[in-house]
Amino acid sequence: MICLRPRHPEESSSIYKLHYKNTAAPVTGNKRGFSETVDLKLNLNNEPESKEGCTSHDVVTSVSKEKSSCPKDPAKPPAKAQVVGWPPVRSYRKNVLVSCQKSSGGTEAAAFVKVSMDGAPYLRKVDLKMYKGYDELSNALSNMFSSFTMGKYGGEEGMIDFMNERKLMDLVNSWDYVPSYEDKDGDWMLVGDVPWPMFVDTCKRLRLMKGSDAIGLAPRAMEKCKNRD
Amino acid sequence: KANQSPLYMTQDRTEMSEDDDDQSPPSDLRSEPPCSSSSSAVDSTPNKSRNCISSSGTMTASQPFPDHVLENVLENVLQFLDSRCDRNSASLVCKSWWKVEALTRSEVFIGNCYALSPARLTQRFKRVRSLVLKGKPRFADFNLMPPDWGANFAPWVSTMAKAYPWLEKVDLKRMFVTDDDLALLAESFPGFKELILVCCEGFGTSGIALVANKCRKLKVLDLIESEVTDDEIDWISCFPEDVTSLESLAFDCVEAPINFKALEGLVGRSPFLRKLRLNRFVSLEELHRLLLGAPQLTCLGTGSFSHDNGAHQSEPEPDYAAAFRACKSVVCLSGFRELMPEYLPAIFPVCANLTSLNFSYANISPDMFKPIIHNCHKLQVFWVCILLDLCLHDSEGPVSELGLQAISEGCRNLESILYFCQRMTNAAVIAMSENCPELTVFRLCIMGRHRPDHVTGKPMDEGFGAIVKNCKKLTRLAVSGLLTDQAFRYMGEYGKLIRTLSVAFAGDSDMALRHVLEGCPRLQKLEIRDSPFGDVALRCGMHRYYNMRFVWMSACSLSKSCCKDVARAMQNLVVEVIGSDDDDDNRDYVETLYMYRSLDGPRKDAPKFVTIL
């Protein structure tokens, strides 16, 4: 199994000003809260599907404050783990089909943003308008960056073990990279808080932060977590 | 001896046919003569002066007269030799034959752009009119290789601009081509006739506009599955305003709207146009108008095959079936990019003549294509992807194996199939192997990894085994689903003509790869990913690698030390390890191995993430 893990434990000091939105509020109206937060599954899970327990969700949904169940509900059939370049369809084709499925015709201006992943030697660019939602973006990003595997033998276990109740804690705990974005005001935000169309409008740049860095993203959640102990 | 390390090594000696099995369905199936035949390459200067002009530096004035005669005769004979296999053989007879063959070869095929340098090409072949050049390995299409790996067209076009001003045709696959390259091409070759770009990238509509505008003798402009950036240029309007020589125009991959009025005008003044592949910005109504004006088409890419969004629907609705009925020559059909299924029956009138049908861009299910396939008795090539949603959501979906069954029953002449589905059964695959003995290309992609036969729960070994056993002409195979070493044992035992093999998430042990390396004598192109094959298997093929075009193995169990051993043992093999971390040379694991033979040593343009051992 190929995992993306930070190779060295890093200081959690972050040079970016991070805003943490209060996602602990219950989901009302259009607010997303924790639901549908994008989960960047950058694990290249080569486990065969027959091994039921090993596969992971592509999108972990709706972990609101009230629910106490783990999002990886064993009763649910696990979604297929995302694998790079599989099925062997040219990404160009995928994009075409995605855009075909859009109901509205006509061309829209593309919304290209740079995507950086901590530790990767080069950046990529994505057109946010090619995706219908956070999960599609997540898939695309994991496809893009999986070539930067740290090797089959993984790196050191530098992750801090959080309780896995909160969605954010799950992100930090189980996966190694947290998606953040720079908005129009120049602030660095956690991806997933706002409705998708708003995100497409306001996102200027994406950064996949190492999990240890992202601890700084959610100080309040961490606090609440600790309080539960 | 420089002459005896010939270019032929990069060109397959064993292949007997055009190497187009990995392109999108060919619009003509080896029945049409090549556009630029070598017989047109010979100029009409008198023999004597031709000899002197074309002689290499080593020919001296004191050559005895009979040799002159011999070479003139040879030249006149060899000019008719089209098959590159035959030419390769002829070039090996003796030095004289080698020289003359090099002078008369006008079509050069280079299966791997890194097998030799552009300089070597121009030094050996002096009168090239047509170049086919292939770059990246196929798995690069699926993000298995970081971008900027290489395969740049630039050094080739700049070298050829000086050496072959008479160049007429360039056919590139998986090359990186810039607008500057296209500009140089358009300017340097006044007689340029054919540009074919398959799975290429790096250029945009501005480069295409230049070619359209400056290549006044252009017959073929085929952009196939390439990434073309939209520079917001009306490139269709850049074609010359008078009658054109266009025979083939394919732009189905161009993701930008086009000026339909200009296109209509272009089609109207292109009396030789036979092949037209539209992009998805051409609506059904617009297609209708084009068909009425161009019933002589043999190959059609239908564009979106849906209504123009928001456009006023003309009342009464155009008779699409009648337009298709008028196109009596259509043998090759593709497109359907935004298929409105209710209009699919419009193509019934052409089904009986179809030899090639590409539904791979259509959101289509077996229920939809079964009635069509039923009428396609002459079908030789069929591509389809049975997906509900390319975002890989699992689906109970349509019954894929019945779709395969229907094809095998309706299309007994099938030669090439590309079939993507969610699940499959051995029985359906076995049925196809029995019903379609003419199969040369069988590519089945069961998208669920490691999926067994969904009825019996068994591996797909027997199905693929039947294919290699019963389809005696099989040259290309792509496997999928749950496969054990047994499947590979079958491949090694029966797959004697297989040249291209594509393996993913398959096999149990090194034995599987051994079976193939030891059993498939014609194997040229081997691409493997995510399979448990390691050093032992790699060593089994040492005697093979120099005679293959390439070997790709990613996410297998190879060690760097073994790859180093291979590199050391085979001097002319370039062994690339891609994606290994620069920081950690101690790591022995190899993420991606890509190796190929080369006459000119390792390439100089390798990016940082490539380590050449």
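Residues numbered from 1 in each chain as written. Chains lettered and ligands numbered in written order. Predicted model: local features only at pLDDT ≥ 70, side-chain atom pairs only at ≥ 80, totals over all residues. Heavy atoms only, no water.

Looking only at helices and strands, one finds 20 helices and 22 strands in chain B. Looking at chain B residue by residue over its 613 residues, the buried ones come to 60%. Across chain B, every contact between residues at least 6 apart in sequence was considered, and the portion connecting residues at least 24 apart equals 72%. If you sum the accessible surface of chain B, you get close to 22900 Å²; carbon and sulfur atoms cover 53% of it. (Helix = DSSP H or I, 4+ residues; strand = E, 2+ residues; numbered from the N terminus. Buried < 20%, exposed > 50% of the residue type's maximum accessible area, 1.4 Å probe, protein only. Contact = heavy atoms within 4.5 Å. Areas by Shrake-Rupley, 256 points an atom, 1.4 Å probe, with all protein chains shown as cover.)

Secondary structure assignment for chain A yields six helices and six strands. Here chain A, with 229 residues, has 56% of them falling under the buried criterion. A sequence separation of at least 24 residues applies to 69% of the contacts in chain A between residues at least 6 apart. Total accessible area on chain A is roughly 10300 Å²; 50% of this is exposed by carbon and sulfur atoms.

Attention now goes to helix α15 (residues 426-435) of chain B. Counting buried positions over the 10 residues of α15(B) gives seven, a clear majority of the element. Those residues of α15(B) lying buried are B:Asn426, B:Ala428, B:Val429, B:Ala431, B:Met432, B:Ser433 and B:Asn435.

Here we come to the pairing of strand β20 (residues 573-578) of chain B. Residue and element names in this part refer to chain B. Most of β20 sits inside the fold, with six of its six residues counted as buried. Residues of β20 alternate between two faces, with Leu 573, Val 575 and Val 577 on one and Val 574, Glu 576 and Ile 578 on the opposite face, all of them buried. Pairing analysis gives six bridges linking β20 to strand β21 (residues 592-597), with the strands arranged antiparallel. In the strand pairing of β21, Val 577 is matched with Leu 593. Pairing geometry for β20 and strand β22 (residues 610-612), over three bridges, is antiparallel. If you follow Val 577 over to β22, its bridge partner there is Thr 611. (Pairing = 2+ DSSP bridges.)

Among the structural elements, B:Arg529 can be located in strand β18 (residues 525-529). Only 2.7 Å separates the side chain of B:Arg529 from the side chain of B:Asp530, close enough to count as a polar contact. Ignoring anything within four residues of it in the chain, the contact list for B:Arg529 reads A:Val83, A:Val84, A:Gly85, A:Trp86, B:Phe139, B:Leu144, B:Val503, B:Ala504, B:Phe505 and B:Ser554. (Polar contact = N/O pair within 3.5 Å; in protein donor to acceptor, adjacent residues only side chain to side chain.)

All names here are of chain B. At their nearest, the axes of helix α9 (residues 260-268) and helix α10 (residues 284-293) sit 10 Å apart, and the two run at 20° to each other. For the element pair α9 / α10, the angle class is roughly parallel. As for the relative orientation of α9 and α10, their crossing is right-handed in sense. Contacts from Phe 260, Leu 263, Glu 264 and Val 267 of α9 reach α10 at Glu 286, Arg 289 and Leu 290. (Axes fitted to C-alpha atoms, helices over the stretch in contact; angles between N-to-C directions. Parallel < 35°, antiparallel > 145°, perpendicular 65-115°, else oblique. Left-handed = near helix turned anticlockwise from the far one by under 90°.)

Residue and element names in this part refer to chain B. Under the criterion given, the structure shown has 24 aromatic pairs over all chains. Taken together, a centroid distance of 5.7 Å and an interplanar angle of 55° make the contact between Phe 550 and Tyr 594 tilted. In this pair, Phe 550 sits in strand β19 (residues 550-554) while Tyr 594 sits in strand β21, placing the two residues 44 residues apart along the sequence. Take Phe 550 and Tyr 594: they sit in the same class, and that class is buried. Put simply, the rings of Tyr 114, Phe 139, Phe 142, Trp 149, Phe 550, Trp 552, Tyr 594 and Tyr 596 touch in pairs and so form one group of aromatic residues. (Phe/Tyr/Trp six-rings, centres within 6.5 Å; stacked < 30°, edge-to-face > 60°.)

The next thing to look at is helix α7 (residues 179-188) of chain B. Regarding α7(B), the residues found buried are B:Asp181, B:Leu182, B:Ala183, B:Leu185, B:Ala186 and B:Ser188. Residues of α7(B) that are buried make contact with α6 (154-163), β3 (169-173), β4 (194-198), β5 (203-204) and α8 (205-214) of chain B.

With that out of the way, let us pick up unusual backbone geometry. Look at the link from A:Trp86 to A:Pro87: it is a cis peptide, with omega at 0°. With respect to the helices and strands, the residue A:Pro87 is situated in the loop between β1 (18-19) and α1 (91-100). Notably, B:Glu225 is not glycine yet its phi reads approximately 50°, a positive angle. Looking at the secondary structure, you find B:Glu225 in the loop between β6 (220-224) and β7 (228-229). Although it is not a glycine, B:Ala555 sits at a positive phi angle of roughly 55°. Topologically, B:Ala555 is positioned in the loop between β19 and α20 (560-569). Take B:Ala555: its relative accessible area is 8%, and that puts it in the buried class.

Residues and elements named next belong to chain B. A contiguous nonpolar patch, built from Val 69, Val 73 and Val 77 and spanning about 230 Å² of accessible area, is present on the exposed surface. In this fold, Val 73 is placed in helix α2 (residues 65-78). Among the residues examined, Val 73 registers a relative accessible area of 46% and is labelled partly exposed. (Patch = residues over 30% accessible without salt bridge, like charges linked within 9 Å, V, L, I, M, F, W, Y side chains within 5 Å. Salt bridge = Lys/Arg side-chain N within 4 Å of Asp/Glu carboxyl O.)

The next thing to look at is the confidence of the model for chain A. Residues and elements named next belong to chain A. Looking at chain A, pLDDT values average 53 and 34% of them are 70 or higher. Low pLDDT, under 50, characterises residues 96-107; the predicted model gives this stretch 25 contacts beyond four residues in sequence or across chains. Scored below 50 in pLDDT, residues 218-226 makes 15 contacts in the model with residues more than four places away or belonging to other chains. (pLDDT = per-residue confidence, 0-100.)

Two side chains carrying opposite charge are able to pair once their charged atoms lie near each other. Residue and element names in this part refer to chain B. Inspection of the entire model under this criterion finds 25 salt bridges over all chains. A salt bridge links Arg 87 to Glu 101, with the shortest nitrogen-to-oxygen separation between them at 2.8 Å. One end of the pair, Arg 87, is in helix α3 (residues 84-91); the other, Glu 101, is in helix α4 (residues 95-104), and 14 residues separate them in sequence. Across this residue pair, the class does not change: Arg 87 and Glu 101 are buried. One salt bridge connects Glu 187 with Lys 214, and the closest N-O pair in it is separated by 3.4 Å. Placement of Glu 187 in helix α7 and of Lys 214 in helix α8 is noted, with a sequence separation of 27 residues between them. For Glu 187, a relative accessible area of 52% corresponds to the exposed category. Linked by salt bridges that have partners in common, Arg 87, Glu 101, Arg 105 and Arg 124 make up one network.

Residues and elements named next belong to chain B. Taken across its six residues, strand β14 (residues 416-421) has six buried, putting it largely inside the fold. Burial along β14 is two-sided: Ser 416, Leu 418 and Phe 420 and Ile 417, Tyr 419 and Cys 421, pointing in opposite directions, are all buried. As paired strands, strand β13 (residues 381-385) and β14 are joined by five bridges and run parallel to one another. Paired with Val 384 across the strands is Tyr 419, a residue of β14. Of the pairings in the sheet, the one linking β14 to strand β15 (residues 441-446) comprises six bridges and is parallel in character.

Regions with low pLDDT should not have their predicted coordinates read in detail. Residue-level pLDDT values for chain B average 85, and 85% of them are 70 or greater. In this model, residues 1-60 of chain B is a region of pLDDT below 50 whose contacts with residues beyond four sequence positions or in other chains number 121 contacts.

All names here are of chain B. Where α15 meets helix α16 (residues 461-470), the axes come as close as 8 Å, and the angle between the chain directions of the two elements is 5°. The pairing of α15 with α16 is recorded here as roughly parallel in orientation. Contacts between α15 and α16 pair Asn 426, Val 429, Ile 430, Ser 433 and Glu 434 from the former with Asp 461, Glu 462, Gly 463, Phe 464, Ala 466, Ile 467 and Asn 470 from the latter. For the contact of α15 with α16, the class distribution of residues is five nonpolar, four polar and three charged. (Nonpolar A, V, L, I, M, F, W, Y, C, P; charged D, E, K, R; others polar.)

Turning to the environment of B:Leu78, a few remarks are in order. All names here are of chain B. Inspection of the secondary structure assignment puts Leu 78 in helix α2. Its relative accessible area of 3% is what places Leu 78 among the buried residues. Expressed as a C-alpha distance, the spacing of Leu 78 and Thr 104, which sit 26 residues apart in the sequence, is 6.7 Å.

All names here are of chain B. Note that Arg 129 resides in the loop between α5 (118-124) and β2 (130-134). By relative accessible area, which is 17% here, Arg 129 ends up buried. Considering only alpha carbons, one finds Arg 129 and Val 108, 21 residues apart in sequence, at a separation of 8.2 Å.

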